[in-house]
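Chain by chain, the residues:
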Amino acid sequence: MYRSFKHALAILGIPFAVIAFSPATQQEESMLGFTAGTAAQQRALESQFDSYLDRDNLRSWMHRMSARPQHLGSPYGKENAEFVASQFRAWGYETEIETFRVLFPTPRTRVLEMTEPTRFTARLAEPVLEEDATSGVTENRLPTYNAYSADGDVTAELVYVNYGIPDDYEELARRGVDVEGKIVIVRYGASWRGIKPKVAAEHGAIGCIIYSDPKDDGYSQGDVYPEGPFRMEQGVQRGAVQDMPQYPGDPLTPGVGATEDAERLSRDEAPTIMPIPVLPISYGDALPLLDAMSGPVAPASWRGALPITYHIGPGPAKVHLKLEFNWDLVNAYDVIAKLEGEEFPDEWVVRGNHRDGWVFGASDPLSGMVALMEEARAVAELTGTGWRPKRTIVYASWDGEEPGLLGSTEWAEFHGRELQQKAAVYINSDSYSRGFLGVGGSHSLEKFVNQVARSVTDPQTQVSVFERARAARMVGGDQEARTRKDLRIYPLGSGSDYTPFLQHLGVASLNVGYGGEGGGGSYHSIFDSFDFYTRFGDPNFDYGIAMAMTAGRMTLRLANADVLPYHFGSLAENIGRYVDEVTELADRLRTETERTNYLVNSKAYELAADPTKIYVPPETKEIVPYLNLAPVRNALDRLKESAESYDTAVQERLQRGPQIGTATLGRLNSTLLSTEHMLTYEGGLPRRSWFRHQIYAPGFYTGYGVKTLPGIREGIEQRNWDEVDQYVAIVAEALERAANTIDSAKQIVAEN
C-alpha cells in the first residue's frame with residue numbers, strides 16, 4: 001500500500017469531546033436503497049453479523065501468514081494463497097485461484113559506495129533485533145531495493161534534490177544547479193517514490209538514491225523501533241518505481257490480462273520501466289553521503305533532521321552505483337471467492353484486499369487481509385441461518401499489489417467487459433491500524449459511507465466512528481466538518497487495488513481504512529512484522545473488528561439493498577467543487593505569471609538576489625488566457641438537476657411502498673451501475689490512455705496523489721491550452737452522459 005494513504009488517515013490525535021449523536025440515534029435515518037421494512041431486516045442482520053466476529057481469528061491468521069517472507073513469486077506467497085483459498089472453500093464459497101504471468105525483477109547485484117572525497121560503502125541491510133522474532137529469517141527474503149529500476153553501473157557527483165518533485169528542480173534552476181550527468185539523492189515523501197527517478201531522468205540524471213530522512217520518517221517523529229513505532233537508523237523502505245501514472249500492472253501487457261499466452265512487449269519496449277538505476281537506502285547510510293556534500297546550503301524547507309548542514313552540491317561527494325536484476329516472469333495468484341446472489345446473481349459487489357508484502361507484511365497488507373477474511377467468514381455464518389444475499393458477493397485476495405497492483409490489474413483487465421456489465425461497486429481495503437476512519441472513493445457513494453460510519457462504534461471512544469472522524473477533522477482545522485451534515489470522502493488517486501476498477505473500467509469504488517495512531521516506521525521494511533504490529537499497530541485487534549464491521553456493513557448493504565444506494569447529489573456537488581478549483585487554478589496561475597514577468601522585466605530579481613550567490617532569475621512565461629469552462633458548467637447544472645430529481649424520487653418511492661417488482665429492480669439497478677462508466681472516456685487522458693475516468697486520476701507528476709478533472713487540471717498546469725479546450729469538451733460530454741443515465745433511472749422509478 002502507498003504511504004500517502006496512511007498519512008491521509010494520520011489526523012492529529014488530540015483529546016476531544018464532541019459528540020452530537022450516538023450510533024443508535026443515527027440509525028433512525030432512512031437507510032439508502034432500502035424500504036422501511038427491509039431496512040429493519042438489514043439492521044437485524046448486521047447485528048447478527050457483528051456477533052460472529054472473533055478477534056482471535058485475526059491474530060492467529062496474521063501470525064501464520066507473516067511467519068515467512070511472502071512477496072510475489074515466493075514459495076510462501078503461493079502457500080498463503082492456497083491457505084486463504086482453503087479457508088474460503090471451508091466457509092462455503094465457490095473459490096478458485098486465478099494465475100497470471102507477470103514481470104517481477106529481483107536484485108542480483110547492489111553496490112553503493114562513495115569514492116570521493118572519502119571512501120564509504122553503504123551497508124544496504126537491516127539488522128536482526130532480539131525484540132523482533134522474524135527479523136532474523138533470511139530464507140527467500142528480498143533485500144532492500146526498488147523494483148523496476150533499470151540495470152546500471154554509474155559513477156558521478158551527487159546532487160541533493162529534496163523530495164525530487166518538479167518544483168524542486170525549478171528551485172535548483174534558480175540557483176544555477178544542473179543534475180545532468182549526476183546522481184541525485186532524494187528523500188522519501190511529498191510524492192510517490194516512482195515520481196522521483198522519473199523527474200530526475202527527465203532532467204538528465206543518470207542515477208537516483210532515495211533515503212528516509214528522520215524528519216519525515218524516523219526519530220524526529222518519536223521513539224524508533226524497537227522502543228517506539230518509528231523508523232530506525234538502518235530501516236529501509238522498499239518499493240516499486242515504475243511509471244505507474246502511465247499504467248499499473250504488468251509492464252509487458254498493458255490493457256490485457258497477463259495470461260500465459262498473452263502477447264507481451266519486450267522489456268525494452270515497456271514504457272513504465274524506469275530508465276535509470278534507483279536504490280533505496282536508510283538514513284544511516286545516507287548520512288555520510290550528505291555530510292560529504294558542499295555547494296549552496298539547502299533552503300530551509302529542504303533541510304531534514306540529520307545532524308549536518310544540508311548542502312545541494314554538486315559534489316564533492318562522488319558515488320558509484322551498480323545494480324543488476326533478474327528479470328523473471330513469475331506467477332501471481334489471485335484468490336477469488338463467490339457467494340451467488342439469490343435475486344440478482346449478475347449484479348456483483350466486489351470486495352478486495354491484497355495479500356503479498358515486501359517481506360513479512362504483517363501490517364501491509366495482512367492486517368487488512370485478515371480483517372477481510374473474518375468479514376467473509378461472518379458473512380458465510382449468516383448463510384447458515386438461511387439468509388442469502390440478493391446480489392453476488394465476490395471476495396478477492398490479490399497477489400502482486402506491492403510491485404504495482406499486478407494481481408488486481410491483470411484480473412480486472414482480463415474480466416473487464418464482464419465487470420463493466422455486472423460490478424455495482426468495488427470495495428477496497430489495504431492495511432489499517434488504530435485511529436480514525438478514512439474513506440475515499442466515488443462520490444455517488446458518499447452519503448452511503450456516512451450512513452455506515454454512523455452505525456459503527458469506535459472501540460476506543462465508544463462514539464460512532466463517524467463522530468470520532470468528524471471531531472478529529474475539526475481539531476485539525478476543517479471548518480466544514482462543523483456545519484456539513486456528512487463528512488466528505490476523499491477523491492481517489494492511486495496506490496491500491498481500486499485503481500483498475502475505478503479509473504480504467506469505470507466501476508464505482510471505495511477505499512476503506514483506519515489509521516493515525518499506529519506509527520509507521522515498519523513500512524516496507526523487514527520490521528513490518530507480527531511483533532511490531534501487535535505492539536504498535538493494533539495490539540488487541542480492536543480496530544480489526546471495527547474494520548470488519550465497517551467494510552462488512554458496506555458489503556452487506558450493497559448486496560441486500562432493494563435499489564443500489566447511490567446518491568448522485570453528492571457526486572454533482574463534489575464535481576462542482578472541482579470545477580471551481582480548476583477555475584481558481586487558472587486565475588492564480590495568470591496572476592503569478594503576470595507578477596513573475598513584471599519582476600523579470602523590471603529586473604527586480606537582480607536587486608533582490610544575494611550578489612554572493614549564483615541566482616538565475618526565471619524566464620518570462622506566456623500569459624495565461626481566459627479559459628472557457630462554460631460547457632462543463634452547463635453540463636454540471638444539468639447533472640445537478642438530474643441528480644436531485646432522481647435522489648428525491650427514489651427515496652419517496654422506497655418509503656411509500658409497495659415493493660417494486662424484481663424485474664423492474666433489475667432494470668433499474670442495471671441502469672444505475674452504469675452511471676460511473678459514463679464518466680469515462682475511451683481515449684483516456686493525455687499521454688496515458690489506460691486512465692479513462694474523467695473525474696479522478698493519479699497525477700502525472702504526483703503518482704498516487706489525486707488530480708480531479710485531470711485532463712483539464714493538468715492541461716492548465718502544463719500550460720497546454722489546446723488540451724484544456726479538448727478536455728473541457730470531453731468532460732462536458734461525460735457529465736451529460738451521466739445525467740442522461742440518471743434521467744433514465746428516474747423514469748424507471750416514476751413508472752413504478
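Per chain, residue numbering runs from 1 following the sequence as it is written. Totals for whole chains, interfaces and linings use all residues, but because this is a predicted model, local features are given only for residues with pLDDT of at least 70 and pairs of side-chain atoms are given and counted only at 80 or more. Calculation of side-chain values draws on the structure's entire complement of heavy atoms; hydrogens and water are dropped beforehand.

Quick look at the overall build of the chain
Helix and strand definitions follow DSSP, with helices as H or I runs of at least four residues and strands as E runs of at least two, each counted in order from the N terminus. Looking only at helices and strands, the chain features 24 helices and 16 strands. Only C-alpha atoms enter the radius of gyration; for comparison, a globular chain is expected to reach 2.2 Å times N to the power 0.38, where N is the number of residues. Its C-alpha atoms give the chain a radius of gyration of 26 Å, near enough to 27 Å, the size a compact globule of 752 residues would have. Burial statistics for the chain: of 752 residues in total, 63% are counted as buried. Counting contacts in the chain only where the partners sit at least 6 residues apart, residues at least 24 apart contribute 81% of the total. Only four residue types enter the charge count, namely Lys and Arg as positive and Asp and Glu as negative; His and the chain termini do not. Where a charge sits is defined by one atom per residue type, namely NZ (Lys), CZ (Arg), CG (Asp) or CD (Glu). Counting 73 positive and 103 negative side-chain charges, the chain places the averaged centre of each group 2 Å from the other. Think of it in three bands: with a 1.4 Å probe and only protein chains considered, a residue is buried below 20% of the maximum accessible area for its type, exposed above 50%, and partly exposed in between. When checking whether two residues touch, look at their non-hydrogen atoms; a contact exists if any pair is within 4.5 Å.

Here's the deal with the environment of Q651
Within the element layout of this structure, Q651 appears in helix α21 (residues 630-656). Put simply, Q651 and P316 are 335 residues apart on the chain and 69 Å apart in space, counted from C-alpha to C-alpha. Look past the residues within four positions of Q651 in its chain and what remains in contact with it is S30, L32 and G33.

Here we look at the confidence of the model for the chain
A residue's pLDDT is the confidence the predictor assigns to it, expressed on a 0 to 100 scale. Taken over all residues, the pLDDT of the chain has a mean of 94, while the share at 70 or more is 94%. A low-confidence stretch, residues 2-27 stays under pLDDT 50, and its non-local contacts, those more than four residues away or across chains, total 57 contacts.

Let's talk about unusual backbone geometry
Of note, the bond from E116 into P117 is cis; its omega dihedral lies within 30 degrees of zero at -5 degrees. Note on placement: P117 falls in the loop between β1 (94-116) and β2 (120-121). Even without glycine at this site, L124 takes up a positive phi of about 55 degrees. Following the sequence through the fold, L124 ends up in the loop between β2 and β3 (146-147). Even without glycine at this site, H524 takes up a positive phi of about 60 degrees. By secondary structure assignment, the location of H524 is in the loop between β14 (509-516) and α17 (530-537). Overall, H524 belongs to the buried group, its relative accessible area being 4%.

Looking at the packing of aromatic side chains
The rule is short: rings of Phe, Tyr and Trp, with Trp giving its six-membered ring, pair when the centres are within 6.5 Å, and they are stacked under 30 degrees, edge-to-face over 60, tilted in between. Inspection of every chain in the model, using the stated rule, returns 30 aromatic pairs. A centroid spacing of 5.7 Å and a plane angle of 55 degrees characterise the contact between W61 and W91, whose relative ring orientation is tilted. Highlighted residues: W61 in helix α4 (residues 55-65) and W91 in the loop between α5 (75-90) and β1, separated in sequence by 30 residues. Here W61 falls in the buried class, since its relative accessible area comes to 7%.

Quick notes on the pairing of strand β13 (residues 435-441)
Within β13, seven of the seven residues are buried, which leaves the element mostly enclosed by the surrounding structure. Pairing analysis gives seven bridges linking β13 to β14, with the strands arranged antiparallel. Within β14, the position partnered with V439 by the bridge is V512. Strand pairing follows a simple DSSP-based rule, namely that at least 2 bridges must link the two strands.

Some thoughts on the packing of helix α19 (residues 568-601) against helix α23 (residues 710-717)
Lines are fitted to the C-alpha atoms to define the axes, a helix being fitted only along its stretch in contact, and any angle between axes, read from their N-to-C directions, falls within 0 to 180 degrees. Between α19 and α23, the shortest axis-to-axis distance is 10 Å and the interhelical angle comes to 10 degrees. It follows that α19 is roughly parallel to α23 by the angle criterion. Along the contact surface, α19 presents Y578, E581, V582, L585, A586 and L589, while α23 presents I712, R713, I716 and E717. An angle counts as roughly parallel when it lies under 35 degrees, as roughly antiparallel when it exceeds 145, as roughly perpendicular when it falls between 65 and 115, and as oblique in every other case.

Side note on the pattern of salt bridges
Oppositely charged side chains are able to pair whenever their charged atoms sit close together. Any Lys or Arg side-chain nitrogen found within 4 Å of a carboxyl oxygen on Asp or Glu counts as a salt bridge. Per the counting criterion, the structure on display carries 42 salt bridges. Its salt-bridge partner being R713, residue E581 comes within 2.9 Å of it at the nearest N-O pair. Highlighted residues: E581 in helix α19 and R713 in helix α23, separated in sequence by 132 residues. By relative accessible area, E581 is classed as partly exposed at 29%. With relative accessibility at 11%, the residue R713 sits in the buried group.

What to know about the pairing of strand β11 (residues 391-398)
For β11, the buried fraction is high: eight of the eight residues fall into the buried class. We call a crossover right-handed when, viewed with both strands directed away from the observer, the connection leading from the first strand over the helix to the second proceeds clockwise. Of the crossover connections in this fold, the one passing from strand β10 (residues 344-354) over helix α10 (residues 362-383) to the parallel β11 is right-handed.

Here we look at the environment of L289
Its location among the elements puts L289 in helix α9 (residues 283-291). Distance in space between the C-alpha atoms of L289 and M114 is 7.0 Å, their sequence separation being 175 residues. Those residues within four positions of L289 in sequence are excluded, and the remaining contacts are L112, M114, F120, L158, I185, I281, A317 and V319.

Regarding the side chain of R713
The term polar contact refers here to a pair of N or O atoms within 3.5 Å; inside protein, the definition further demands a hydrogen-donor-capable atom paired with an acceptor-capable atom, and it admits residues adjacent in sequence only when both atoms are side-chain atoms. Here E581 takes part through its side chain, which lies 2.9 Å from a polar atom of the side chain of R713. Each residue touching R713, except ones within four places of it in the same chain, is listed here: Y578, E581, V582, L585, K707 and T708.

Overview of the side chain of T409
Here T409 is to be found in helix α11 (residues 406-414). When sequence neighbours within four positions are dropped, the list of residues in contact with T409 reads P248, G249, P500 and W690.

Points about a negative patch on the surface
Side chains of E130, E131, D223 and E227 sit close together on the surface and give a patch of like negative charge. Within the secondary structure layout, E130 lies in the loop between β2 and β3. To count toward a patch, a residue needs a relative accessible area above 30% and no salt bridge. Like charges then connect within 9 Å, nonpolar side chains (Val, Leu, Ile, Met, Phe, Trp, Tyr) within 5 Å. Surface accessibility in these figures is a Shrake-Rupley result with a 1.4 Å probe; residues are shielded only by whichever protein chains are displayed.

A few points about the environment of F532
For F532, the location among the structural elements is in helix α17. Here F532 falls in the buried class, since its relative accessible area comes to 3%. Spatially, the C-alpha atom of F532 lies 15 Å from that of E126, the residues being 406 residues apart in sequence. Not counting residues within four places of it along the chain, the set of residues in contact with F532 comprises D132, Y225, P229, G518, G521, S522, F527 and G537.

Some points on helix α3 (residues 36-52)
Over its 17 residues, α3 extends 25 Å from the first C-alpha to the last, a length consistent with the 24 Å expected when each residue adds 1.5 Å. Every buried residue belonging to α3 is among T38, A39, Q42, L45, E46, F49 and D50, and all of these are buried. With its buried residues spanning 140 degrees around the axis, α3 presents them on a single face. Exposed residues pointing more than 90 degrees away from the buried face of α3 are listed as A36, Q41 and S51. An expected span of 1.5 Å times one less than the residue number is assigned to each helix. Within this analysis, the arc is defined by the directions that extend from the helix axis to the C-beta atoms.

Description of the packing of α3 against helix α18 (residues 542-560)
Where α3 contacts α18, the two axes come as close as 11 Å, and the packing angle between them is 145 degrees. Crossing geometry of α3 relative to α18 is assigned as right-handed. Where α3 approaches α18, its residues Q42, L45, E46, F49 and D50 are matched on the opposing element by A548, M549, G552, R553, L556, R557 and N560. Looking at the contact of α3 with α18, its residues break down into five nonpolar, three polar and four charged. Each helix crossing is assigned a hand: it is left-handed if the near helix lies turned anticlockwise from the far helix by less than a right angle, otherwise right-handed if that turn is clockwise. Throughout this entry, Asp, Glu, Lys and Arg are counted as charged residues, while Ala, Val, Leu, Ile, Met, Phe, Trp, Tyr, Cys and Pro are counted as nonpolar. The remaining residues, Gly among them, count as polar.

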